[in-house]
Number of protein chains: 2
Amino acid sequence: MLERPVSSVSAELIAVLAAVTAGVPRVLTLGGGAVLPSGPLSPEHRSLQAGLRAWVERQTHHPLGYVEQLYTFADNDRNAEHGSFGRAISISYLGLTREQPNQQDAAATWQDWYQYFPWEDRRTQEEENQPVARALRGWAQTAASPAERKARRQRSAIAFGLEGRRWNEEMVLQRYELLYEAGLVAEAARDGIAGPSELAGLRLGQAMRQDHRRILATGIARLRAKITYRPVVFELMPPQFTLLDLQRSVEALAGRLLHKQNFRRLVEQQELVEETGLMADATGGRPAKLFRFRADVLQERAYAGTKPPLGRS
Amino acid sequence: MLERPVSSVSAELIAVLAAVTAGVPRVLTLGGGAVLPSGPLSPEHRSLQAGLRAWVERQTHHPLGYVEQLYTFADNDRNAEHGSFGRAISISYLGLTREQPNQQDAAATWQDWYQYFPWEDRRTQEEENQPVARALRGWAQTAASPAERKARRQRSAIAFGLEGRRWNEEMVLQRYELLYEAGLVAEAARDGIAGPSELAGLRLGQAMRQDHRRILATGIARLRAKITYRPVVFELMPPQFTLLDLQRSVEALAGRLLHKQNFRRLVEQQELVEETGLMADATGGRPAKLFRFRADVLQERAYAGTKPPLGRS
DNA sequence: CAAAGATATGCTCAGTATGAGTATTAGGAG
DNA sequence: CTCCTAATACTCATACTGAGCATATCTTTG
């Protein structure tokens, strides 16, 4: 148990750093939007998180606030860029911040994350995405056996809310994986996975290098799940905001619109925010009160970890 | 970005393998209960999961069913057993199974997991755990500043549901971390963290080597969270069972008792199970119907990943 | 200045989930 | 036949959710 051979691997830290600016959810990238900030774990890093912070701050000059671990990948067929010295492990993190005005580093750019996942933004049209649905049907048709055809149709329907099912906004990763498997995203072609020939030209969303788009999908999925049961939005908000600002940010993350009155009821009954006494300079209608997050609640909830932030009082 | 020095580390795979037998939640261990199954990731493993399966099956001869990744740790001060060759990374997984009758390997033993976390089992007494509460108060008293005293009291209260707060069964990791910090578990003493001197003899629960107990706490916390929003219990159940069997298993995991009538209402309205037509051989009262899980629902929910398993229909 | 347009904010209502309790049924043990 | 135990069936109050109506307070426009 204790004495055993140790084979060495290389470990890489990858950050999905998210912000919401003017109702647009954005992710910090390098290489013109092709890769996420990342770098190898090295001995001088005191911890995984410390290493991540060092890399992000070095590569992007952007400070890191709230951070949580996402997932650890070993490279697989999709991503065989390692040499013969061994295997590469990627430890990914999700970070939440606000965009800083003083972006000194032009190499680091914020990108609307829906440019990578256009099918994930249903704020403008709620209905089912026709091109994607059609492409998935085409993929299902090309299956070898009837059983496999049925399985593909069912998976498509569950993931994309087709055939009368509800759209589940947290299934970001499943949807991306399905499109990859169906050969409908550029990474699939790159990795030698062909889609249905009649759809060979289809390249849904903007591609990223290696499997960074998959990691981004994992981050979005985690964030969407988390905002429903933990007050994490506040990491993304300025010190003061109107309730509509807050709602727009949540909607941007969730990719769908919310009922305004119910949203404010929810926020207020949870006692997450308090009035600042100031009003927003009106942008069109009745001026809105400015709110801030209540420090004490945040502190407790930050520590409480998982449980009852929404839900019973 | 692409050309960079790679420092190598060693990567270890660790399994928290859980089962519930006769209302007792158990974890598969080696070394007489002192360590979790684990082994280094090696080049022949096709993936992290494949490596984990290989190690567990080699060390324990127990097949692995459902598996999900838990967390990745880099070793820190707590656990400085690595040599000078570099850093060690531990990638932990949670697995769910049923205990196999044919245990060929005596080195692998199933342990009641509450022997490591006695304070987590509140099925017999709901009230607050007096010795622990007293010890934590003692720890809070020894803080240097009044502010720190208050912070310690508050954290204790939140984590352990003291001072009229609700017990949150998902905060397993926070509770363990708090006891560690307070010097109330053996690992703390081993790592040179002293608790309040008047409680120097207190060693809550059975210790494990390295930080395996912390990993176990992470696994229990994840499982407790998961059963509330995903039907994962079925991985732990035999093919047929009564509703009370099912309830006892959930209670075992959650560490608290549930209202029987409401539990069956919940299970039935979710349409998770169906009658087999058979009856259990009564053990005391009216005989109970035997149920099985519905295959179709399980298949869909398995794929659905996170979302609406309990909750609205 | 009055009306129109745009939000903010307040309130109602039905459907449903949840926690807790009462009542009835069907076996075994004595 | 009666008691004991557990299974199963209902009831009820409360809380949360989704949806919509109504009113208030600004700005813009004629």
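Heads up: the structure comes first, above all this text.
What counts as what
Residue numbers run consecutively from 1 along every chain, following the written order of its sequence. As a convention, the first chain written is A and the first ligand written is 1, with the rest following in written order. In view of the model being predicted, local features appear only for residues whose pLDDT reaches at least 70, and side-chain atom pairs are presented and counted only at 80 or more, with totals across whole chains, interfaces and linings using the full set of residues. Calculation of side-chain values draws on the structure's entire complement of heavy atoms; hydrogens and water are dropped beforehand. Here a helix means four or more residues in a row that DSSP labels H or I, a strand means two or more in a row labelled E, and each is numbered from the N terminus. Contacts between residues were defined by any pair of non-hydrogen atoms, one from each residue, lying within 4.5 Å. Any residue with a heavy atom positioned within 4 Å of a molecule or strand is treated as near that molecule or strand. Any pair of N or O atoms that falls within 3.5 Å is considered a polar contact. Within protein, one atom must be able to donate a hydrogen and the other to accept it, and sequence-neighbouring residues count only if both atoms are side-chain atoms. Gly falls in the polar group here, along with every residue not listed as nonpolar (Ala, Val, Leu, Ile, Met, Phe, Trp, Tyr, Cys, Pro) or charged (Asp, Glu, Lys, Arg). To estimate how far a helix should reach, multiply one less than its number of residues by 1.5 Å. Only protein chains enter the accessibility calculation, which uses a 1.4 Å probe; a residue is then buried when its area is under 20% of its type maximum, exposed when over 50%, and partly exposed in between. Aromatic contacts are taken between Phe, Tyr and Trp rings whose centres are within 6.5 Å, Trp giving its six-membered ring; a plane angle under 30 degrees counts as stacked, one over 60 as edge-to-face, and the others as tilted. For a ring to carry a charge above it, either NZ of a lysine or CZ of an arginine must fall within 6 Å of the ring centroid while also lying within 35 degrees of the normal to the ring plane. Each nonpolar core is a collection of buried residues, namely Ala, Val, Leu, Ile, Met, Phe, Trp, Tyr and Cys, held together in the definition by side-chain atoms within 4.5 Å. Where helices are involved, their axes are fitted lines through C-alpha atoms of the stretch in contact, as for all axes, and angles between N-to-C directions lie from 0 to 180°. The crossing is said to be left-handed when, going from far helix to near helix, the turn is anticlockwise and less than a right angle, and right-handed when the turn is clockwise. Just to be clear on terms, a salt bridge is a Lys or Arg side-chain nitrogen sitting within 4 Å of an Asp or Glu carboxyl oxygen.

**Student:** Teacher, can you tell me more about the environment of Gln174(B) here?
**Tutor:** Tracing the chain through its elements places Gln174(B) in helix α4 (residues 172-181). Along the primary structure Gln174(B) and Phe160(B) are separated by 14 residues, whereas in three dimensions their C-alpha atoms are 9.1 Å apart.

**Student:** Sorry, what's going on with the side chain of Ser156(B) here?
**Tutor:** Looking at the element boundaries, Ser156(B) is found in helix α3 (residues 146-160). Excluding its chain neighbours within four sequence positions, the residues that come into contact with Ser156(B) are Leu136(B), Trp139(B), Gly161(B), Leu162(B) and Leu178(B).

**Student:** I would appreciate a short explanation of the protein's contact with DNA strand D in the present structure.
**Tutor:** Neighbouring residues of DNA strand D: 23 residues in total, closest Gln261(A), Arg265(A), Arg286(A), Lys260(B) and Arg264(B). Asn262(A) is positioned with one of its side-chain polar atoms (N or O) 2.9 Å from a base nitrogen of DNA strand D. Arg264(B) has a polar side-chain atom sitting 2.3 Å from a phosphate oxygen of DNA strand D. Those elements that provide at least two residues to the surface near DNA strand D are α8 (260-269) of chain A together with α8 (260-269) of chain B. Taken together, the residues of the surface near DNA strand D sort by class into 5 nonpolar, 9 polar and 9 charged.

**Student:** What's the story with helix α6 (residues 212-229) of chain B in this structure? I'm lost.
**Tutor:** Since the α-helix advances by 3.6 residues per turn, residues separated by three or four positions end up pointing in the same direction. Helix length check: α6(B), at 18 residues, gives a terminal C-alpha distance of 26 Å against a target of 26 Å (1.5 Å per residue), a fit within 8%. Here α6(B) lies mainly inside the structure; 15 of its 18 residues are buried.

**Student:** What's the story with the environment of Arg264(B) in this structure? I'm lost.
**Tutor:** Position of Arg264(B) among the secondary structure elements: in helix α8. Sequence separation between Arg264(B) and Gln247(B) is 17 residues; the distance between their C-alpha atoms is 8.2 Å.

**Student:** It is not clear to me how unusual backbone geometry should be interpreted in this structure. Could you clarify?
**Tutor:** Excluding glycine, most residues fall at negative phi; most peptide bonds, likewise, are trans. Residue and element names in this part refer to chain A. Of note in this structure, glutamate 163 is not a glycine but carries a positive phi near 50°. Residue position: glutamate 163 is located in the loop between α3 (146-160) and α4 (172-181). Overall, glutamate 163 belongs to the exposed group, its relative accessible area being 59%.

**Student:** Explain the packing of aromatic side chains to me, please; I cannot follow it from the model alone.
**Tutor:** The geometry of an aromatic ring pair is captured by two quantities: the separation of the ring centres and the angle between the planes. Overall, the coordinates contain 14 aromatic pairs over all chains when judged by the stated rule. A centroid spacing of 6.1 Å and a plane angle of 90° characterise the contact between Trp113(B) and Tyr114(B), whose relative ring orientation is edge-to-face. Note on Trp113(B): relative accessible area 1%, which makes it buried. Measuring from ring centre to ring centre gives 5.7 Å for Phe117(B) and Trp119(B), while their planes differ by 90°; the resulting arrangement is edge-to-face. The exposure classification of Phe117(B) matches that of Trp119(B), with both residues buried. Chaining the aromatic ring pairs together yields one cluster made of Phe117(A), Trp119(A) and Tyr176(A). Cation over ring: Arg175(A) sits above Trp167(A), and NZ or CZ is 3.8 Å from the ring centre. A cation over an aromatic ring shows up here: Arg213(A) above the ring of Phe117(A), its NZ or CZ 6.0 Å from the ring centre.

**Student:** Teacher, can you tell me more about the nonpolar core here?
**Tutor:** Side chains of nonpolar character tend, in soluble globular proteins, to be buried together. If you look at the biggest cluster of nonpolar residues, it comprises 64 residues, and the most contacted ones within it are Trp119(B), Leu136(B), Phe160(B), Leu179(B) and Leu223(B). Element by element, the count of residues in this core is highest for α6(B), at 7 residues. Beyond its immediate chain neighbours, meaning those up to four positions away, Leu179(B) contacts Trp119(B), Val132(B), Leu136(B), Phe160(B), Leu184(B), Val185(B) and Leu204(B). In terms of nonpolar packing, the next biggest core, distinct from the first, is built from 63 residues, Trp167(A), Ala188(A), Ala221(A) and Val273(A) among them.

**Student:** Looking at this structure, I do not really get the packing of α3(A) against α4(A). What am I missing?
**Tutor:** Two quantities define a packed helix pair, namely the angle between the axes and the distance from one axis to the other. Residues and elements named next belong to chain A. With their axes 9 Å apart at the nearest point, α3 and α4 run at an angle of 145° to one another. Both α3 and α4 take part in a crossing whose hand is left-handed. Note on element contacts: α4 touches α3 through Arg175, Leu178, Leu179 and Glu181, opposite Arg155, Ser156, Ala159 and Phe160. Here the residues of the contact of α3 with α4 sort into 4 nonpolar, 1 polar and 3 charged.

**Student:** Explanation requested: the pattern of salt bridges in the structure shown.
**Tutor:** Two side chains bearing opposite charge may form a pair once their charged atoms approach each other closely. All names here are of chain A. One pass over the full model with this rule turns up 34 salt bridges over all chains. The shortest N-O distance in the salt bridge between arginine 26 and glutamate 99 comes to 2.6 Å. Residue arginine 26 is located in strand β2 (residues 24-29), and its partner glutamate 99 is located in the loop between β5 (88-96) and β6 (109-112); the two are separated by 73 residues in the primary sequence. Residues arginine 224 and glutamate 120 are paired through a salt bridge, measuring 2.9 Å at the closest nitrogen-oxygen approach. Taken together, the positions of arginine 224 in helix α6 (residues 212-229) and glutamate 120 in the loop between β6 and α2 (130-141) put the pair 104 residues apart, joining distant regions of the chain. Classification of arginine 224 by relative accessible area gives buried; the value is 1%. Through salt bridges that share partners, Glu68, Arg222 and Lys226 make up one connected network.

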